[in-house]
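Listed below, chain by chain, are the residues.
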Amino acid sequence: TNLESSVFTGEEFFALPEEKQKEVLHTGNKVFCRTEPKDKQVLVKSLEAMGEVCAMTGDGVNDSPALQQASIGVAMGITGTKVAQNAADMILADDNFATIVSAVDEGRNIYNNMLSFVTFLLSCNMGEVVTVVLGTLLGMPEVLSPMHLLWVNLVTDGPPATALGFTKSDPSAMMRQPRRSDEAIMNRWMFIRYIITGLYVGFATIGSFLWWYRDKHVSLHQLSSWTSCEDWLDFTHSAEAPTLPLSPCDIFYAGKHKARAQTMALSTLVVMEMLKALSAVSLTQSMVKIPPWTSPVLLAGVAIPFLLHLAVIYIPQLALIFGLAPLTKLEWKVVAKFAVPIL
């Protein structure tokens, strides 16, 4: 190591031309000694002018101007003066520099949890919007009722999203390069990712709804013109009740039949949201490397809403209120086929 280019006294460094000073600061780590209080503040200003995020540690009164100037000033909690502590943004209660590393790790964890929270809610909410809009454009019967959408937003979205704010730190968080201070939360990669996920959520929800009617021998064309069902002549009766023929319109208007199709769609949406929450523990690592059971809070945030969803399906009084119906094993398998690819 060439110490002559890495170690400077305050007087030597500030005797250099301004362009040379910038060149020195740009090239690797430097050691400054015998610096005056004003030199520290000028160094901080120079680094910030170069676009750096500058941290300054100090304990004395003479460090206060630089602590105030820095992007983040760090004062000592035990040996530090009150003046330095008041000028700082953070105080090390134990005077241990290693605590700064823990603080950075915690800060990155908070930021990552915030990203997980945002991407989870945006993806799920976009999926709901796509479901409603696409169903309307196709002229289909109501895929999800207003009560179903309210149930999803209040019960099955809220707890998982809240739990994502309490997940443990990503082990790889400190191995990644620092992000830019002016970097947007929703960058291009995150935007494309949540657009694709949201579109799939919407298409899968519509897909499970269509599957139920296709299983009852109703074509997409018939489904799109369901308001003219009285004119259908080639309608095939429901395979579920061959001895109790249904009129073409009964399968749309009769409560239990429409309820079963909507239950398929709602269950697919709910299962996808639960799986999306479990996979959102880390934005960069798969569930294989960071399994969801590393966060018991998240598991509870997913399990409780899903159990509540099962309750409104299988408790007759609740099912009647929500306009839902119990699903068969085959129908749950179809729900799983539509939902699992979200992972």
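Keep in mind that what you see is a predicted model, and the values were worked out from it rather than measured.

So, the overall build of the protein
Thought 1: Scanning the protein from N- to C-terminus turns up 15 helices and 5 strands.
Thought 2: Looking at the protein as a whole, 41% of its 343 residues qualify as buried.
Thought 3: Counting only contacts in the protein whose residues sit at least 6 apart along the sequence, the fraction spanning at least 24 positions is 63%.
Thought 4: About 18,600 Å² of surface is accessible on the protein, with carbon and sulfur atoms providing 63% of the total.

Examining helix α2 (residues 18-26)
For an α-helix the count is 3.6 residues per turn, leaving residues at separations of three or four pointing the same way.
Thought 1: All of the buried residues in α2 are Gln 21, Val 24 and Leu 25. End-on view of α2: buried residues confined to an arc of 95 degrees, all on one side of the axis. Seen from the buried face of α2, the exposed residues on the opposite side, beyond 90 degrees, are Glu 19 and His 26.
Thought 2: Where α2 is buried, its residues touch β1 (7-9), α1 (10-14), β2 (31-33) and α3 (37-49).
Thought 3: Of the residues one or two after α2, Gly 28 is the one with positive phi, at around 75 degrees.

Remarks on the pattern of salt bridges
Think of it this way: side chains of opposite charge can pair up when their charged atoms draw near.
Thought 1: This model, assessed by the stated rule, comprises 3 salt bridges.
Thought 2: The salt bridge involving Glu 23 is made with Lys 20; its shortest N-O contact spans 3.8 Å. Placement of the pair is Glu 23 and Lys 20 together in helix α2, with a separation of 3 residues, close to one helical turn.
Thought 3: Judged by relative accessible area, which is 44%, Glu 23 ranks as partly exposed.
Thought 4: With relative accessibility at 38%, the residue Lys 20 sits in the partly exposed group.
Thought 5: For Glu 331, the salt bridge is made with Arg 260, and the minimal N-O distance between the two is 3.0 Å. Taken together, the positions of Glu 331 in helix α15 (residues 329-339) and Arg 260 in helix α12 (residues 255-279) put the pair 71 residues apart, joining distant regions of the chain. Each member of the pair Glu 331 and Arg 260 is classed as buried.

Here we look at the nonpolar core
Thought 1: Membership of the largest hydrophobic core comes to 45 residues, with the highest contact counts inside it found for Val 143, Phe 209, Tyr 213 and Leu 298.
Thought 2: Looking at this core, the elements with two or more residues in it are α6 (98-137), α7 (146-156), α8 (158-164), α9 (188-215), α12, α13 (296-314) and α15.
Thought 3: The element that contributes the greatest number of residues to this core is α12, accounting for 12 residues.
Thought 4: For Phe 209, the contacting residues outside a window of four places in its chain are Met 140, Pro 141, Glu 142, Val 143, Ala 261, Gln 262 and Ala 265.
Thought 5: Membership of the second largest hydrophobic core comes to 10 residues, among which are Leu 67, Ala 75, Ala 87 and Ala 88.

Here we look at a nonpolar patch on the surface
Thought 1: A contiguous nonpolar surface patch, about 220 Å² in accessible area, is contributed by Val 101, Val 104 and Met 174.
Thought 2: Structurally, Val 104 is set in helix α6.

Section: the confidence of the model for the protein
Thought 1: This prediction gives the protein a mean pLDDT of 83; 89% of its residues lie at or above 70.
Thought 2: For the protein, per-element mean pLDDT is lowest for helix α11 (residues 250-253), which scores 59, and highest for α15, which scores 94.
Thought 3: Note on residues 235-244: pLDDT is under 50 here. Beyond four places in sequence and across chains, it has 17 contacts.

Considerations on the packing of aromatic side chains
Thought 1: This structure, assessed with the given rule, holds 9 aromatic pairs.
Thought 2: A ring pair is formed by Trp 151 and Phe 322, whose centres lie 5.0 Å apart and whose planes are at 70 degrees; its orientation type is edge-to-face. Here Trp 151 is found in helix α7, whereas its partner Phe 322 is found in helix α14 (residues 316-322), with 171 residues between them in sequence. Per residue, the accessibility class of Trp 151 equals that of Phe 322, and both read buried.
Thought 3: Measuring from centroid to centroid gives 5.5 Å for Phe 191 and Tyr 194, while their planes differ by 85 degrees, and the two rings are edge-to-face. Remark: Tyr 194 and Phe 191 occur in helix α9; sequence separation between them is 3 residues, near one turn of the helix.
Thought 4: Under the relative-accessibility criterion, Tyr 194 is labelled buried at 14%.
Thought 5: Joined through ring pairs, the aromatic side chains of Phe 8, Phe 13, Phe 14 and Phe 32 make up one cluster.
Thought 6: Stacked on the ring of Tyr 111, the Lys or Arg Arg 179 has its end atom at 3.7 Å from the ring centre.

Comments concerning unusual backbone geometry
Thought 1: Despite not being glycine, Arg 34 shows a phi value in the positive range, around 55 degrees.
Thought 2: Structurally, the position occupied by Arg 34 is in the loop between β2 and α3.
Thought 3: Here the phi dihedral of Asp 95 falls at roughly 55 degrees; this positive angle occurs in a residue that is not glycine.
Thought 4: You can see Asp 95 is positioned in the loop between β5 (90-92) and α6.

Cut-off values and rules
- Residues numbered from 1 in each chain as written.
- Predicted model: local features only at pLDDT ≥ 70, side-chain atom pairs only at ≥ 80, totals over all residues.
- Heavy atoms only, no water.
- Helix = DSSP H or I, 4+ residues; strand = E, 2+ residues; numbered from the N terminus.
- Buried < 20%, exposed > 50% of the residue type's maximum accessible area, 1.4 Å probe, protein only.
- Contact = heavy atoms within 4.5 Å.
- Areas by Shrake-Rupley, 256 points an atom, 1.4 Å probe, with all protein chains shown as cover.
- Arc of directions from axis to C-beta.
- Salt bridge = Lys/Arg side-chain N within 4 Å of Asp/Glu carboxyl O.
- Core = buried A, V, L, I, M, F, W, Y, C linked by side-chain atoms within 4.5 Å.
- Patch = residues over 30% accessible without salt bridge, like charges linked within 9 Å, V, L, I, M, F, W, Y side chains within 5 Å.
- pLDDT = per-residue confidence, 0-100.
- Phe/Tyr/Trp six-rings, centres within 6.5 Å; stacked < 30°, edge-to-face > 60°.
- Lys NZ or Arg CZ within 6 Å of the ring centre and 35° of its normal.

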